Amino acid sequence: MIGERLVEDMTDSERDRARRVDMILPALRAAAQEADRTATFPPGHVDLLREAGLLGLVIPVEYGGLGGTLRDLAAATFAMGTACPSTALAFFFHNTSASRGLLPLEAIEAGLFTDDEIPVVRAFAEKVLTRMGTGSWLANFASESVKTAAANITIATTASKVDGGWVLEGEKSFGCATGVADYYLTSARLAGYDTAEGLATFFVPRDAVGVSTRAPWDGLGMRATANNGIRLEQVFVPEDEALTVPGAFTRMLTVSRGSFVGNQLAIAAAYLGCAQQVYHDTLEVTTRKTFADTGAPIASSPVHQVLIGEMTRQLETAYLWLRYQLAIETCDPPLKPKQEVFTQWRLGKGAVTEACFQVALGALKAGGTSAASMSGSAGRALRDLAMGLVMTFPAERGILEVARIRTDAEANQLFATAPNGTATSSGTSTAGTDTTSATEVVR
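Throughout this document, residue positions are counted from 1 along each chain, in the order its sequence is written. Only residues with pLDDT of at least 70 are given local features in this predicted model, and only at 80 or more are side-chain atom pairs given and counted; all residues enter the totals for whole chains, interfaces and linings. Values shown for side chains rest on all heavy atoms present in the structure; no hydrogens or waters enter the calculation.

**Q** Before we go on, may I ask you to explain empty space enclosed by the protein in this structure?
**A** To find the voids left in a structure, one rolls a probe of water-molecule size over its atoms. A pocket, in this scheme, is an open set of points on a 1 Å grid over the protein atoms alone with protein on both sides within 12 Å along at least 5 of 7 lines, while a cavity is a set where a 1.4 Å probe fits but cannot get out; residues line either one if an atom lies within 4 Å of a point. Grid points are joined across faces, edges and corners, and a volume is the space filled by probe spheres set on the points. Taken as a whole and judged by the stated rule, the model has four cavities of 30 Å³ or more. In this structure, the largest cavity occupies an estimated 70 Å³ of space. Lining the largest cavity, in full, are Val7, Met10, Glu14, Arg17, Ala18, Val21, Leu57, Arg71, Asp72, Ala75 and Ala76. Strands are runs of DSSP state E lasting at least two residues, helices are runs of H or I lasting at least four, and both sets are numbered from the N terminus onward. Contributing elements (two or more residues each) for the lining of the largest cavity: helix 1 (12-38) and helix 3 (70-83).

**Q** How should I be thinking about the pattern of salt bridges in this particular structure?
**A** Should their charged atoms come close, side chains of opposite charge can pair. The salt bridge criterion pairs a side-chain nitrogen of Lys or Arg with a carboxyl oxygen of Asp or Glu, the two atoms within 4 Å. This model, assessed by the stated rule, comprises 23 salt bridges. Ionic pairing is found between arginine 223 and aspartate 218, a salt bridge with its closest N-O pair at 2.8 Å. In this structure, glutamate 310 and arginine 313 form a salt bridge, with 2.7 Å as the shortest nitrogen-oxygen distance. Note that glutamate 310 and arginine 313 are positioned in helix 9 (residues 302-330) at a spacing of three residues, about one turn of the helix. Linked by salt bridges that have partners in common, Glu4, Asp12 and Arg15 make up one network.

**Q** In this structure, what is going on with the side chain of threonine 286? I would like to understand it.
**A** Mapping threonine 286 onto the fold places it in helix 8 (residues 265-288). At 2.8 Å, the side chain of threonine 286 and the backbone oxygen of threonine 282 are in polar contact. The criterion used for residue contact is that any of the two residues' heavy atoms lie within 4.5 Å. The contact partners of threonine 286, leaving out residues within four places of it in the chain, are Pro297, Ile298, Ala299, His304, Ile308 and Ala366. By the criterion applied in these results, polar contacts are pairs of N or O atoms within 3.5 Å in which, for protein atoms, one can donate a hydrogen and the other can accept it, and in which residues neighboring in sequence qualify only through two side-chain atoms.

**Q** Can you help me understand the environment of tryptophan 217 in this one?
**A** One can find tryptophan 217 in the loop between strand 6 (211-213) and strand 7 (230-238). Expressed as a C-alpha distance, the spacing of tryptophan 217 and phenylalanine 174, which sit 43 residues apart in the sequence, is 9.3 Å. When residues no more than four places from it in sequence are discounted, the contact partners of tryptophan 217 are Met222, Arg223, Asn227, Asn228 and Met387.

**Q** What am I meant to see in the packing of helix 3 against helix 9 here?
**A** Two quantities define a packed helix pair, namely the angle between the helix axes and the distance between the axes. All axes here are fitted lines through C-alpha atoms, helices being fitted over the stretch that makes contact, and every angle between N-to-C directions spans 0 to 180 degrees. Look at helix 3 against helix 9: their axes get within 10 Å of each other, and the N-to-C directions meet at 155°. As far as their axial angle goes, helix 9 and helix 3 are roughly antiparallel. Residue-level inspection shows Leu70, Arg71, Ala74 and Phe78 of helix 3 in contact with helix 9, the latter providing Tyr319, Leu326, Glu329 and Thr330. Ten residues, namely Ala, Val, Leu, Ile, Met, Phe, Trp, Tyr, Cys and Pro, are considered nonpolar, four, namely Asp, Glu, Lys and Arg, are considered charged, and the remaining ones, Gly among them, are considered polar. Partitioning the contact of helix 3 with helix 9 into residue classes produces five nonpolar, one polar and two charged. Relative orientations are named as follows: roughly parallel for angles under 35 degrees, roughly antiparallel for angles over 145 degrees, roughly perpendicular for angles from 65 to 115 degrees, and oblique for any other angle.

**Q** Help me understand the nonpolar core, please; the structure alone is not making it clear to me.
**A** Nonpolar side chains tend to gather and get buried jointly when the protein is soluble and globular. In terms of nonpolar packing, the biggest core is built from 113 residues, with Leu54, Met80, Phe202 and Val204 touching the most fellow members. Broken down by element, the residue count for this core peaks at twelve residues, all from helix 8. Phenylalanine 202 has contacts with Ala159, Trp166, Leu168, Tyr184, Leu185, Thr186, Ala188, Leu190, Val237, Glu241, Ala242 and Thr244, leaving out every residue within four places of it along the chain. Judged by nonpolar contacts, the second largest core, of seven residues, contains Leu103, Ile155, Leu253 and Val255. Definition used in this section: a nonpolar core is a set of buried Ala, Val, Leu, Ile, Met, Phe, Trp, Tyr and Cys residues joined via side-chain atoms within 4.5 Å. The cut-offs for exposure are 20% and 50% of the maximum accessible area for each residue type, with area from a 1.4 Å probe on protein chains only; residues under the lower value are buried, those over the upper are exposed, and the others partly exposed.

**Q** Can you help me understand the packing of aromatic side chains in this one?
**A** Where two aromatic rings form a pair, the distance of their centres and the angle of their planes describe that pair. Classification of ring pairs uses Phe, Tyr and Trp, with its six-membered ring standing for Trp, and accepts pairs whose centres are within 6.5 Å; under 30 degrees between planes counts as stacked, over 60 as edge-to-face, and the remaining range as tilted. Here the structure, examined in full by the defined rule, presents seven aromatic pairs. Geometrically, the ring pair formed by phenylalanine 92 and phenylalanine 93 is edge-to-face, given 5.0 Å between the ring centres and 75° between the ring planes. We note that phenylalanine 92, like phenylalanine 93, is buried. An aromatic cluster is present here, built from Phe124, Tyr183 and Phe203 joined pairwise through their rings. Looking at lysine 161, its charged tip hangs above the ring of tryptophan 166, at a distance of 5.5 Å from the centre. Positioned above the aromatic ring of phenylalanine 393, the side-chain terminus of lysine 349 is 5.2 Å from the ring centre. By definition here, charges over rings are those cases where NZ of Lys or CZ of Arg is within 6 Å of the ring centre and within 35 degrees of the ring normal.

**Q** I tried to follow the pairing of strand 5 (residues 199-205) on my own but got confused; where do I start?
**A** The buried fraction of strand 5 amounts to six of the seven residues, a majority that puts the element mostly inside the structure. DSSP bridges decide pairing: two strands pair if at least two such bridges lie between them. Note: strand 4 (residues 183-190) against strand 5, seven bridges, orientation antiparallel. Its bridge partner lying in strand 5, tyrosine 183 is registered against proline 205. Where strand 5 meets strand 8 (residues 242-243), two bridges bridge the pair, whose relative direction is antiparallel. In the strand pairing of strand 8, threonine 201 is matched with leucine 243.

**Q** Honestly, the packing of helix 5 (residues 99-109) against helix 6 (residues 118-133) in this entry has me stumped. Any pointers?
**A** Their axes nearest at 7 Å, the elements helix 5 and helix 6 cross at an angle of 150°. In terms of axis orientation, helix 5 runs roughly antiparallel to helix 6. As for how helix 5 packs across helix 6, the hand of that crossing is left-handed. Only Ile118, Val121, Arg122, Phe124, Ala125, Val128 and Leu129 of helix 6 make contact with helix 5, whose side of the interface consists of Arg100, Gly101, Leu102, Pro104, Leu105 and Ile108. Crossings are assigned a handedness: left-handed for a near helix turned anticlockwise from the far helix by less than a right angle, right-handed for a clockwise turn.

Geometric values such as these leave the question of function open.
Structure (structure tokens):
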């Protein structure tokens, strides 16, 4: 199975699920170039994924799914990324919806909801899981064009209470499967709240009154993802199609293993799959094509040897980061506390996506002018992988956040009670000549 390149120690049940992914890859690969050219998600892929049972890949068996985990999802998005990165990305975002079902149930087990809240939270969570497990495609709409300095994602869409339900108003600027998914799982802010305690989640049918599609997305990235976004104008959502318990969203996040909802590394796996494929394509072309005068393979030239060596280093770097992150997010019992797992991911996301982009850049150089085409492997991969540099957050933001976490923790350790006799009445140190105070060190 192609997914075993990433997840090297698959169990028998994981291999069974990976075979389902491998079976659809030829169809994904055959449609990829035309889908990219026209910037449209192939409509046949919905039935393809549904019939393979993959829309329920990470849904427990009792809800109709295949019972997979993050390991299965990472292997699947990686494998799909080798065939059609756009489909891999759209499939990833469908699967992120599962967290809106799995995490609330875990939070209930952890005692984070009251007796009065549990029936409402459980009903919504099980509805998410059942719909996914029985073949519904859910588009997870959270991101918006509104930005604030305090957060990566700011929710401006509002939900106002009316008789029998809620009315949504707002615009979602990012979300794969626009016009493709059966439901848009939409985040909104409850009226009267200005913190994350007021975040709520709503099922919005694709054809609901008041839902419209934004202008076609012509971005520097994976073009066939139906990533247009939606507008919501007085969209009514029935009470039983919403999770509006104040604080439910923040409480469920506390039980995730990694960042945000605990599955973000699977998006990086899709980028790694794309990088793996362009690396393979480059090797295949440069080792088979020969110089006209010497008959030696193009790959044997000193320049190509340097390029291929660097591509190999970058590719292996991405594998190492991603495999380690997968290990610390899925091992049982956990190896690291949640904060350390989160910190690792802030570095890892940028490291993986930057390395993958460098693989595509090397492929462009190795192919030369004749291969610098948007219909070619290197050109498409370069554009597709460019999105990884900015999606969610760029590497620089992750580095900055980790630096702050580490330095703040170290700074706090600088304040301590001094042992008796370490300072004289004049304030000078008796242990040495350094008179710098703890406060000055922090500054």
